[in-house]
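Structural overview for review
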Amino acid sequence: MATGTDRFVGAGMIGFSLIVFIYYTLWVIVLPFVEKDHAIQQLFLPRAYAVIIPIVAGIVLLFILTIGFCLIMSKNKDRKKTK
Amino acid sequence: MTKLLEWLIGGLVFLVVWATLITDTAFFQVSDQIKEVFIPLPVYLLIVFACYSLASVGYGVMTFNDCIEAHRSLKKEVSEAVDDLKRKGMTM
C-alpha cells in the first residue's frame, strides 16, 4: 500500500468527490420530487444555482489555466532571449 | 473512426435529443416535473464525470506502492546524466 500522506490525500479526494456527487445528485434529481415544505429543502440553495455554480466554476478554471499558460510562455521567451 | 470522434458524435446526439425534449419540439411531450429534472442534465453529467475522474485519481494515489529501488536507480541515472552534460559544456 502507499505511504501515509499519499493515502490521506487519496482518501480525501475520494471523500470530497463522494460528497459533491451525493449533494449534487440529491439537488438535481431527487429534490424536484419532494414537496415544497419538506424540511430537507432548507439544506439546498435555489435550483437555479445548480446550473450557475458549475458554469461559473468552469469559466474561472479556464481563466486560471489561460493565465498560467501565458505566464509560462512568457517565462520561456525571456529565457530564450537572455540565452 | 477514432474514439474522440465517437464520443463527440454521441455527445452531439445527446445534446440534440436534450434540446428537442426541453423545448417541446419532439413528437411527444414530457411532463413539467420531468422537464425540471431534464434541464440541468448536461451540466449534471459533466459534474458526475468530474467526480468520477477525481475519485479514480484518488484511488490510484491511495493504491500506488512506493518503488524504493526504482527511485534510487532513477536518482543515480539523473546525477550521471547531469555530470555528463556538465562535462560537455551545458549549464544547469
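The sections below set out a description of the structure shown in this document. The structure presented is a predicted model; accordingly, all values stated were derived computationally and were not measured.

A few words on the overall build of chain B. Check the secondary structure of chain B and you find four helices and zero strands. Secondary structure elements of chain B, listed N to C terminal, follow the sequence α-α-α-α. Over its C-alpha atoms chain B spans a radius of gyration of 26 Å, topping by over 25% the 12 Å that the globule rule assigns to 92 residues. The C-alpha extent of chain B, read off along each of the three principal axes, is 75 × 30 × 25 Å. Residue burial in chain B is summarised as follows: out of 92 residues, 14% are buried. As displayed, chain B has an accessible area near 7,400 Å², and 72% of this comes from carbon and sulfur atoms. Where the 8 positive side-chain charges of chain B centre and where its 10 negative ones centre are 13 Å apart.

The partner chain B presents 20 residues to the 23 residues of chain A that form the contact. There are one salt bridge connecting chain A and chain B. Notably, a salt bridge pairs Glu 36 of chain B with Arg 47 of chain A, separated by 2.9 Å at the nearest N-O pair. On the surface where chain A and chain B come into contact, there are two residue pairs in polar contact (both at pLDDT 80 or more). Elements supplying a minimum of two residues to the side of chain A that touches chain B: helix 1 (4-30) and helix 2 (49-82) of chain A.

A separate point is the packing of helix 1 of chain A against helix 3 (residues 41-63) of chain B. In the contact formed by helix 1 of chain A and helix 3 of chain B, the axes pass within 8 Å of each other and the chain directions differ by 160°. Classified by the angle between their axes, helix 1 of chain A and helix 3 of chain B sit roughly antiparallel to one another. Classified by chirality, the crossing of helix 3 of chain B by helix 1 of chain A is left-handed.

Turning our eyes to something else, we now look at the pattern of salt bridges. Residues and elements named next belong to chain B. A full pass over the atoms with the stated rule returns six salt bridges over all chains. For Arg 72, the salt bridge identified is with Glu 69, shortest N-O distance 3.3 Å. In this pair, Arg 72 and Glu 69 are both assigned in helix 4 (residues 68-87), three residues apart and thus about one turn of the helix distant. Each member of the pair, Arg 72 as well as Glu 69, is classed as exposed. The network of salt bridges with common partners includes Asp 84, Arg 87 and Lys 88.

Counting ten residues, the largest nonpolar core consists of Tyr 24, Trp 27, Val 28, Leu 31, Phe 44 and Ala 50 of chain A together with Trp 18, Leu 41, Val 43 and Tyr 44 of chain B. When residues of this core are traced back to their parent elements, those giving at least two are helix 1 of chain A together with helix 3 of chain B. Setting aside residues no more than four positions away along its own chain, Leu 41 of chain B makes contact with Phe 14 and Trp 18 of chain B.

Between the first and last C-alpha of helix 1 of chain A there are 37 Å, a value that for 27 residues agrees with the 39 Å anticipated at 1.5 Å per step. Restricting attention to buried positions, one finds in helix 1 of chain A the residues Gly 10, Ser 17, Tyr 24, Thr 25, Trp 27 and Val 28 of chain A. Looking at the buried side of helix 1 of chain A, the elements it contacts are helix 2 of chain A together with helix 2 (32-38) and helix 3 of chain B.

Look at helix 3 of chain B: 33 Å from first C-alpha to last across 23 residues, which is about the 33 Å you get at 1.5 Å a residue. The complete set of buried residues in helix 3 of chain B reads Leu 41, Pro 42, Val 43, Tyr 44, Cys 51, Gly 58 and Met 62 of chain B. On its buried face, helix 3 of chain B is in contact with helix 1 and helix 2 of chain A together with helix 1 (3-22) and helix 2 of chain B.

Cut-offs applied
Numbers given for residues are sequential positions, taken from 1 along each chain in its written order. Lettering of chains starts at A and numbering of ligands starts at 1, both following the order in which they are written. Only residues with pLDDT of 70 or above have their local features reported here, since the model is predicted, and side-chain atom pairs are shown and tallied only from 80 upward, although totals for entire chains, interfaces and linings are computed over all residues. Side-chain metrics in this entry use all non-hydrogen atoms of the structure; hydrogen atoms and water are not considered. Helix and strand assignments come from DSSP, with helices taken as H or I runs of at least 4 residues and strands as E runs of at least 2, each series counted from the N terminus. It is over C-alpha atoms that the radius of gyration is taken, and the globule rule equals 2.2 Å times the number of residues to the power 0.38. With a 1.4 Å probe rolled over the protein chains alone, any residue whose accessible area is under 20% of its type maximum counts as buried; one over 50% counts as exposed, and the rest are partly exposed. All accessibility values rest on the Shrake-Rupley procedure with a 1.4 Å probe; residue burial counts only the protein chains present in the view. Counted as positive: Lys and Arg. Counted as negative: Asp and Glu. His and the chain ends are not counted at all. A single reference atom marks each charge: NZ on Lys, CZ on Arg, CG on Asp, CD on Glu. We call two residues in contact when some of their heavy atoms are within 4.5 Å. We define a salt bridge as a contact between a side-chain nitrogen of Lys or Arg and a carboxyl oxygen of Asp or Glu at a distance within 4 Å. Pairs of N or O atoms are called polar contacts if they sit within 3.5 Å, as long as, within protein, a hydrogen donor faces a hydrogen acceptor (for residues adjacent in sequence, only side-chain-to-side-chain pairs). The angle between two axes is taken between their N-to-C directions and runs from 0 to 180 degrees, where each axis is a line fitted to C-alpha atoms and a helix contributes only its stretch in contact. Comment on the angle field: the value is read as roughly parallel under 35 degrees, roughly antiparallel over 145, roughly perpendicular from 65 to 115, and oblique elsewhere. Crossings are assigned a handedness: left-handed for a near helix turned anticlockwise from the far helix by less than a right angle, right-handed for a clockwise turn. We call a set of buried Ala, Val, Leu, Ile, Met, Phe, Trp, Tyr and Cys residues a nonpolar core when their side-chain atoms join them within 4.5 Å. Helix span, as expected, comes to 1.5 Å for every residue beyond the first.

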